[in-house]
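Each chain, written out:
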Amino acid sequence: MARRPSVVLSVLLLAGCVFQMSDPQQGDSSKTLVGPEGGVVSLAGGPTLTIPAGALATPTEVSITQSAAVAPSAALTAVYVFSPATASFVQPATVSFPVPSGHPDVAVYWSTSSGAAQFQQMTTAMEGDRASAKVMKLGLGYAGAPPQATRTVSGALSTVFWQDDGTKTSRNGVVAPPMMRVSAIFVPKDDGYDVVRIVPAPDSSFSASGVPPGRYLLQIDTIYPPSSRSLAATYSQLVELTTSTPDLSMVVSARPDLQIAGEGSSPVTMSIANLTPWVPNLNGFTGDLIMIAGSQAHVYSRPGFGQIGSGMTAATLSFDWAAATTADRTGLPDASKRDVEYVYQRSTSPLGSGPTAGVERTATRFQRLDSLTIGAAGSTSFQVALADAPSTAVLHADLRNSQFAALLPQINPYAVPSSTSGGVSVLAVPHSIAFPDSPSGGASTSLLWVQGPATLDIDYGAMTYGQFLPPLWQEMQYVYYSADITAPGTSSPYWSGALLSMLPVPATGPIAPALSPPLSPKIQGRDAFVPQSGVSEVPLISWSPPSLGTATSYVVRIDPVDAGDFQEVAITVYSGTSVRIPAGFLHLGRQYAATITAVSAPWDKLDRPPLRTGAPVHMADCVSAIFTL
């Protein structure tokens, strides 16, 4: 195995490890009389000293003996005594030590004096599994790991607030809730990780010293409070980086003084008129929707589920402002800050018939609200009268769902299309869809959603949709094909996987997969598609590259699938097709599923700002069977 030669020359002071030429010996010794013609002294299983011709002026008995003293902690061999200490060479001799395999960096250390030893790191070359160096005198020596220079990794979680007038304001910290924090740095080593714990400062900055050069995983936690819809949860994102100054900024479409709605604090009553005849929701998403979108107040809302009956054209909706969103957070609009919101109906119409039957959900009617203010406490009432949205935009919905369906076995052998599979949407995003400026946090809104049969190809032609938002809203084509995964012998899915693409509009060509899932997932070398038990708390997850497209990174996410505290860990990997899960995230007795996501994007590169995103991007999941620790 080839190793990089160490070219650093330094002096190591070994605290607590004092060696002398007179140290007691362990009995392993070799002696050879070497004259001016040169010779070789070798200890079985130990070092070899090669003395060239002309190095010694007179015949000298040269010995190598293993010292009984405890070797330094960084040593890869025992310490050996090379005698006599008074011998020096006219020409350099070569000393070599056998070292264990699996160590990419090895250095030879040689004593600098004949008394209590200080060791000098020698210029070292590797030949096979032997580390060698040139010496000009005899003394004590060993082979060990070279000292690594360390560095300080520092940065801060920060937010770029992008307002409707184009003003950008950067501040440390994040818009909360949910809270975010930088928690640790994991430095890979042969059998796991060295961990540098981090306590971020009150301003969300952090500084971690003692981090060696090279790759590391930075842990960023997002902490979700409990709500009426879910329990408290922690999402730990571990991102592979090399930089000492990671950019942990994110962009949000909001003003810097925005208040975030707290669940239960802002009840709202909205009277809405001039609806198109209402098509009821079947599961909250497949029928008509009332949607509210706002850029500067960071609003994305879907109120009124189940409150509007079939065929109705007017209704009064009561809802909690914070609970009506599926985004991470939603803001409280304030008309005095020039916040503008849009209320609109996304109406449902059938497409095709028989086996090619599908559905179109398109923005049909809307109203702009310039005077809406929602308080942090207390109830709010307002009225909306919708008007027709100009149907000036077009998406060509040529769905090639058979190509997506063909990839289902790569997602998981038991994957089947979910009820919302096989669709394309047009999302409107405030300000930008391009990396690194696309706002995060879920402030986008959907103007069109077309769904076709999950396993068939059908070209529905040109789909028109309402385009009522101002130019600061940018449109993006969102392709989504989801699969439910059910364990053999059970009836309820334990997890889901997806194939998705986000592309700038107008996107041309058929709507088909651009990236397939990772192949051959394994947990500790075993087939991850087969249920596993007795899995380690620090399992090695591995996979092969996708057969379609080229991945620029992978995200390995582990989710609990049993009852109990919810802690999710996701590791972004750039350097290969395997990763070990660090200790502390998985727990004995729990059941988990692993999702390995291939990511492909021209901007997705090592050391990019990990909290920023943009289009184009493609993602494809494979999902393991349930495994038990």
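Residues numbered from 1 in each chain as written. Predicted model: local features only at pLDDT ≥ 70, side-chain atom pairs only at ≥ 80, totals over all residues. Heavy atoms only, no water.

Turning to the overall build of the chain, a few remarks are in order. Assigned secondary structure in the chain consists of two helices and 44 strands. Its C-alpha atoms give the chain a radius of gyration of 32 Å, clearly above 25 Å, the size a compact globule of 629 residues would have. Judged by the C-alpha coordinates and their principal axes, the chain covers about 110 × 50 × 45 Å. Sequence separation of at least 24 residues holds for 73% of the intrachain contacts in the chain that already meet a minimum separation of 6. Surface summary for the chain: the accessible area is close to 25,600 Å², and the carbon and sulfur share equals 55%. Counting 32 positive and 42 negative side-chain charges, the chain places the averaged centre of each group 3 Å from the other. (Helix = DSSP H or I, 4+ residues; strand = E, 2+ residues; numbered from the N terminus. Rg over C-alpha atoms; globule rule 2.2 N^0.38 Å. Contact = heavy atoms within 4.5 Å. Areas by Shrake-Rupley, 256 points an atom, 1.4 Å probe, with all protein chains shown as cover. Lys, Arg positive; Asp, Glu negative; His and termini not counted. Charge placed at Lys NZ, Arg CZ, Asp CG, Glu CD.)

Turning our attention to the sheet that holds strand β36 (residues 519-523). Judged by pairing direction, the sheet is antiparallel, and its four strands sit side by side in the order β37-β36-β38-β41 without closing on themselves. Bordering the open sheet on either side are β37 (526-527) and β41 (578-580), each of which pairs with just one other strand. (Pairing = 2+ DSSP bridges.)

With that settled, the discussion passes to the sheet that holds strand β24 (residues 315-320). Reading across the sheet, the three strands line up as β24-β21-β27 and stay open at both edges, with mixed pairing between neighbours. This sheet does not close on itself; its edge strands, each paired only once, are β24 and β27 (380-385). Between one strand axis and the next, the sheet turns by 20 degrees as a mean value, whatever way the strands run. Where strand β21 (residues 267-273) meets β24, six bridges bridge the pair, whose relative direction is antiparallel. Paired with Ile 272 across the strands is Ala 315, a residue of β24. (Axes fitted to C-alpha atoms, helices over the stretch in contact; angles between N-to-C directions.)

Moving on to the confidence of the model for the chain. In regions of low pLDDT, the predicted coordinates are not meant to be interpreted in detail. Averaged over every residue, the pLDDT of the chain is 89; the share at 70 or more is 93%. Ignoring residues within four places in sequence, the model shows residues 1-25, a span with pLDDT below 50, making 81 contacts including any to other chains. (pLDDT = per-residue confidence, 0-100.)

Further remarks concern the side chain of Ser 30. Along the polypeptide, Ser 30 turns up in strand β2 (residues 25-34). At a separation of 2.9 Å, a polar atom in the side chain of Ser 30 contacts the main-chain carbonyl oxygen of Ser 42. Excluding anything up to four places from it in sequence, Ser 30 contacts Val 41, Ser 42, Leu 43, Val 62, Ser 63 and Ile 64. (Polar contact = N/O pair within 3.5 Å; in protein donor to acceptor, adjacent residues only side chain to side chain.)

Moving on, we get to the nonpolar core. Ranked by size, the top nonpolar core spans 75 residues in total, and within it Phe 468 and Ile 558 carry the most contacts. Apart from the residues within four sequence positions on either side, Phe 468 is in contact with Tyr 342, Tyr 344, Ala 363, Phe 366, Ala 389, Pro 390 and Leu 447. Listed in part, the 31 residues of the second largest apolar core include Val 252, Met 270, Ile 308 and Val 343. (Core = buried A, V, L, I, M, F, W, Y, C linked by side-chain atoms within 4.5 Å. Buried < 20%, exposed > 50% of the residue type's maximum accessible area, 1.4 Å probe, protein only.)

With that settled, consider unusual backbone geometry. Residue Pro 84 is reached from Ser 83 by a cis peptide bond, and omega for that bond is 0 degrees. Locating Pro 84 in the fold gives a position in the loop between β6 (80-83) and β7 (88-98). Positioned with a positive phi, His 298 is a non-glycine residue whose angle comes to about 50 degrees. Tracing the chain through its elements places His 298 in the loop between β22 (289-294) and β23 (299-301). Judged by its relative accessible area of 3%, His 298 is buried. Even without a glycine there, the phi angle at His 431 is positive, about 75 degrees. A residue is classified by how much of its surface remains accessible, and His 431, at 13% relative accessible area, is buried.

Let's shift gears to the pattern of salt bridges. Following the criterion strictly, the structure yields 13 salt bridges and no others. The shortest N-O distance in the salt bridge between Arg 590 and Asp 562 comes to 3.0 Å. Residue Arg 590 is located in the loop between β41 and β42 (591-600), and its partner Asp 562 is located in the loop between β39 (553-560) and β40 (566-573); the two are separated by 28 residues in the primary sequence. For Arg 590, a relative accessible area of 16% gives the class buried. Its relative accessible area of 22% is what places Asp 562 among the partly exposed residues. Two residues, Arg 608 and Asp 604, come together in a salt bridge whose shortest N-O distance is 2.9 Å. (Salt bridge = Lys/Arg side-chain N within 4 Å of Asp/Glu carboxyl O.)

Counted by the stated rule, this structure contains 16 aromatic pairs. Measuring from centroid to centroid gives 6.2 Å for Phe 82 and Phe 97, while their planes differ by 80 degrees, and the two rings are edge-to-face. One end of the pair, Phe 82, is in strand β6; the other, Phe 97, is in strand β7, with 15 residues separating them in the sequence. Each of the two residues, Phe 82 as well as Phe 97, counts as buried. One Lys or Arg, Lys 168, reaches over the ring of Trp 162 and ends 4.1 Å from the middle of that ring. (Phe/Tyr/Trp six-rings, centres within 6.5 Å; stacked < 30°, edge-to-face > 60°. Lys NZ or Arg CZ within 6 Å of the ring centre and 35° of its normal.)

Further remarks concern the pairing of β36. Looking at chain direction, β36 and strand β38 (residues 540-544) are connected through three bridges and run antiparallel. Looking at the pairing, Ile 523 lines up with Ile 541 of β38. Pairing of β36 with β37 involves two bridges; the strand directions are antiparallel. Along β37, the bridge assignment pairs Lys 522 with Asp 527.

This part is about the environment of Tyr 109. Within the secondary structure, Tyr 109 sits in strand β8 (residues 107-111). Remark: the alpha-carbon pair of Tyr 109 and Gln 120, spanning eleven residues in sequence, is separated by 5.4 Å. At a separation of 2.9 Å, a polar atom in the side chain of Tyr 109 contacts the main-chain carbonyl oxygen of Ala 145.

Time to look at the environment of Leu 472. Counting through the fold element by element, Leu 472 comes out in the loop between β33 (457-465) and β34 (473-485). Taking relative accessible area as the criterion, Leu 472 reaches 23% and is therefore assigned partly exposed. Along the chain, Leu 472 and Ala 428 lie 44 residues apart, while their C-alpha atoms are 9.6 Å from each other. Discounting residues that sit within four places of it in the chain, Leu 472 has contacts with Asp 164, Ser 295, Val 429, Pro 430 and His 431.

To continue, consider the environment of Val 617. One can find Val 617 in strand β43 (residues 617-623). Accessibility expressed as a relative area gives 0% for Val 617, which makes it buried. For the pair Val 617 and Ser 600, spaced 17 residues apart in sequence, the C-alpha to C-alpha distance is 5.8 Å. Sequence-distant contacts of Val 617, defined by excluding residues within four places in its chain, comprise Leu 500, Ser 501, Met 502, Val 599, Ser 600, Ala 601 and Trp 603.

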